[in-house]
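Each chain is listed here by its residues.
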Amino acid sequence: MKHFTHLRDFSSAEFVALAEEVLRLKKNPPTDKPLAGKTVGLCFMNPSLRTQVSTEVAAVSLGAHAIVLALGTDTWKMEFEDGAVMDGAAAEHLKEAVPVLSRYCQALGLRSFPNGASWAEDKKEPYLSAFKKYATVPVVNLESATGHPCQALADLATIKERMKPKGKNFLLTWAPHIKGLPMAVPNSTAEMAAAGGMNVTIARPEGFDLDGEIMKNVRARCEENGSSLTVTDKVPEAYEEQHVVYAKSWGSIKDYGKPLPSDAAFRAKWMVTPDKMKKTDDAIFMHCLPVRRNLVVHDGVLDGPWSVVVDQAENRLHAAKAVLLNLLAPHKLETAARRHAR
Ligand code: CP
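Nothing here was measured: the structure is a model prediction, and the numbers come from that model.

Peer 1: Before we move on, could you go through the layout of surface pockets and cite the residues and values that matter?
Peer 2: Space inside the largest pocket adds up to approximately 790 Å³. Along the walls of the largest pocket sit 38 residues, with F113, E143, L181, P182 and K248 positioned nearest its centre. Counting only elements with at least two residues in the lining of the largest pocket, the list comes to α2 (50-61) and α7 (184-195). Both domains that meet at the lining of the largest pocket, namely domain 1 (7-147 + 316-334) and domain 2 (151-311), each give it at least three residues. Estimates place the volume of the second largest pocket at around 500 Å³. Lining the second largest pocket are 22 residues; nearest its centre among them are F80, E121, E125, P126 and Y127. Residue assignment for the lining of the second largest pocket shows that the elements contributing at least two residues are α4 (119-122) and α5 (126-134). Among the elements that take part in the lining of the second largest pocket, α5 stands out by supplying seven residues, more than any other.

Peer 1: Summarise the site of the ligand; cite the residues concerned and give the values.
Peer 2: The environment of the ligand is formed by S48, L49, R50, T51, R111, H148, Q151, C288, L289 and R316. In this structure, an oxygen atom belonging to the ligand sits 2.7 Å away from a main-chain N or O atom of L49. Contact between the ligand and R50: an oxygen atom at 2.9 Å from a side-chain N or O atom of the residue. Against a free-state accessible area of 260 Å², the protein chains account for coverage of 93% of the ligand. Taken together, the residues of the shell around the ligand break down into three nonpolar, four polar and three charged. When residues are assigned to domains, the shell around the ligand turns out to be shared by domain 1 (7-147 + 316-334) and domain 2 (151-311), each giving three or more.

Peer 1: I'd like to hear about helix α12 (residues 309-328), residue by residue, with values.
Peer 2: Spanning 20 residues, α12 covers 29 Å between terminal C-alpha atoms, matching the ideal 28 Å at 1.5 Å per step. Across the 20 residues of α12, 16 count as buried, placing the element largely inside the fold.

Peer 1: Help me get a handle on the side chain of T146, residues and values and all.
Peer 2: Position of T146 among the secondary structure elements: in the loop between β6 (139-141) and α6 (149-162). Separated by 2.8 Å, the side chains of T146 and E125 make a polar contact. Residues within four places of T146 in sequence aside, it is in contact with H6, W119, K123, E125, M183, A184, N187 and I214.

Peer 1: So what's going on with the pattern of salt bridges? Which residues, and what values?
Peer 2: Pairs can form between side chains of opposite charge once their charged atoms are near each other. Within this structure, the stated rule accounts for 20 salt bridges. Close ionic contact of E143 with R111 constitutes a salt bridge, the shortest N to O distance being 3.3 Å. Placement of E143 in the loop between β6 and α6 and of R111 in strand β5 (residues 107-111) is noted, with a sequence separation of 32 residues between them. Residue D303 is joined to R293 by a salt bridge in which the shortest nitrogen-to-oxygen separation is 2.9 Å. With D303 in the loop between α11 (299-302) and α12 and R293 in the loop between β11 (284-286) and α11, this residue pair connects regions lying 10 residues apart in the sequence. Taking relative accessible area as the criterion, R293 reaches 43% and is therefore assigned partly exposed. Put simply, K26, E161 and E314 are held in one network by salt bridges that share partners.

Peer 1: Kindly report on the pairing of strand β8 (residues 199-203), identifying the contributing residues and their values.
Peer 2: Counting buried residues in β8 gives four out of five residues, a clear majority hidden from the surface. Two strands pair when backbone bridges link them, and strand β7 (residues 169-174) and β8 are joined in this way by five bridges, in the parallel orientation. Looking at the pairing, T173 lines up with A203 of β8. Regarding the hand of the β-α-β motif, the stretch spanning β7, α7 and β8 is right-handed. Summarising the sheet, β8 and strand β9 (residues 229-232) pair through four bridges and their orientation is parallel. In the sheet register, A203 faces β9, and the bridge partner there is T232. Following the chain from β8 across helix α8 (residues 212-225) to the adjacent parallel β9, one finds a crossover that is right-handed.

Peer 1: Which residues make up the packing of aromatic side chains, and what are the values?
Peer 2: In total, this model carries eight aromatic pairs according to the counting rule given. Aromatic ring contacts, followed pair by pair, group W174, F208, F266 and W270 into a single cluster.

Peer 1: Residues and numbers for helix α3 (residues 94-104), please.
Peer 2: Looking at α3, one finds that the buried residues are L94, A97, V98, L101 and S102. Across the axial projection of α3, the buried residues extend over an arc of 135°, all falling on one side. When the buried face of α3 is taken as reference, the exposed residues oriented beyond 90 degrees from it are R103 and Y104. Among the structural elements, β1 (39-44), β2 (65-70), β3 (78-79), β4 (92-93), β5 and α5 are those in contact with the buried residues of α3.

Quick notes on the rules
- Residues numbered from 1 in each chain as written.
- Predicted model: local features only at pLDDT ≥ 70, side-chain atom pairs only at ≥ 80, totals over all residues.
- Heavy atoms only, no water.
- 1 Å grid on protein atoms, 1.4 Å probe; cavity = no way out; pocket = protein on both sides within 12 Å on 5 of 7 lines; lining within 4 Å.
- Points joined across faces, edges and corners; volume = space filled by probe spheres on them.
- Helix = DSSP H or I, 4+ residues; strand = E, 2+ residues; numbered from the N terminus.
- Domains from an automatic or database assignment.
- Near = heavy atom within 4 Å.
- Polar contact = N/O pair within 3.5 Å; in protein donor to acceptor, adjacent residues only side chain to side chain.
- Areas by Shrake-Rupley, 256 points an atom, 1.4 Å probe, with all protein chains shown as cover.
- Nonpolar A, V, L, I, M, F, W, Y, C, P; charged D, E, K, R; others polar.
- Expected span 1.5 Å × (residues − 1).
- Buried < 20%, exposed > 50% of the residue type's maximum accessible area, 1.4 Å probe, protein only.
- Contact = heavy atoms within 4.5 Å.
- Salt bridge = Lys/Arg side-chain N within 4 Å of Asp/Glu carboxyl O.
- Pairing = 2+ DSSP bridges.
- Right-handed = clockwise from strand over helix to strand, strands pointing away.
- Phe/Tyr/Trp six-rings, centres within 6.5 Å; stacked < 30°, edge-to-face > 60°.
- Arc of directions from axis to C-beta.

Structure (structure tokens):
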């Protein structure tokens, strides 16, 4: 594994194997500090609780040193455009900053959200692309415009751990919010469920389709794995026979950057409630967090028997260990897996 930035870089079998590795590491955490002497640089351009803390704790527990940088706040403001005349706020170009960080750190992570003005521009992921171009060490995507692969890896591990035996039906449902959020999580969630061989249903209001290229990838994986893909605006019917309900709000590509509908009937239709969960086949309820209670999902679901959101968040820690070990010490990971198998 050279970088860990997008699900599209992995076959379904490879991604499933990685999720199984996450669960092995959870059961048998390495105790021999396999990353001793290494430093991981974690760069954040946006807020984070789970990603920052889980990746830092994973690195430290594997023996590495972790440095968390608020890029542009702790550091100089960064430019990414080729040929830019740097007479504005940015005092440093990523062309220097990323190679310099690569001399100090053995792996780099980056969180860089879209800026919400143009999907065509955001989709190019200029900061992550520059990190991949100029880094001389592995790069981990800690959430970009198009994906959140660390979350998806933890989520697939959680499904393997918590979904009812022989469950196969996965619902990704759009949910209300005060603003149009990035599509990174729903993109990676749909790709993850398809890679995991699930029958994928995406329930979303008209006008909230995911990006065409992502859907092409999801469709191809479902076909390859012999599972189905359904896109619908029919809720609560979409909840019927589901084994996993994954809620997430996202903005519209068609009306990019525009406010979401906020009328009460629309919100009530799309919020996840106990009544909707009761229509499922004993589904687990998943959300990447943070979540707005009683807007995205009713208290009765988060506090009820369906919710696995805290387990899901815990698995971010084990997923981060799997990613760091694969990138920095794959030979040590094989040893841990063999030890577990014995
Ligand atoms: N799920 C997730 O990425 O959480 P944070 O934004 O808090 O890191």
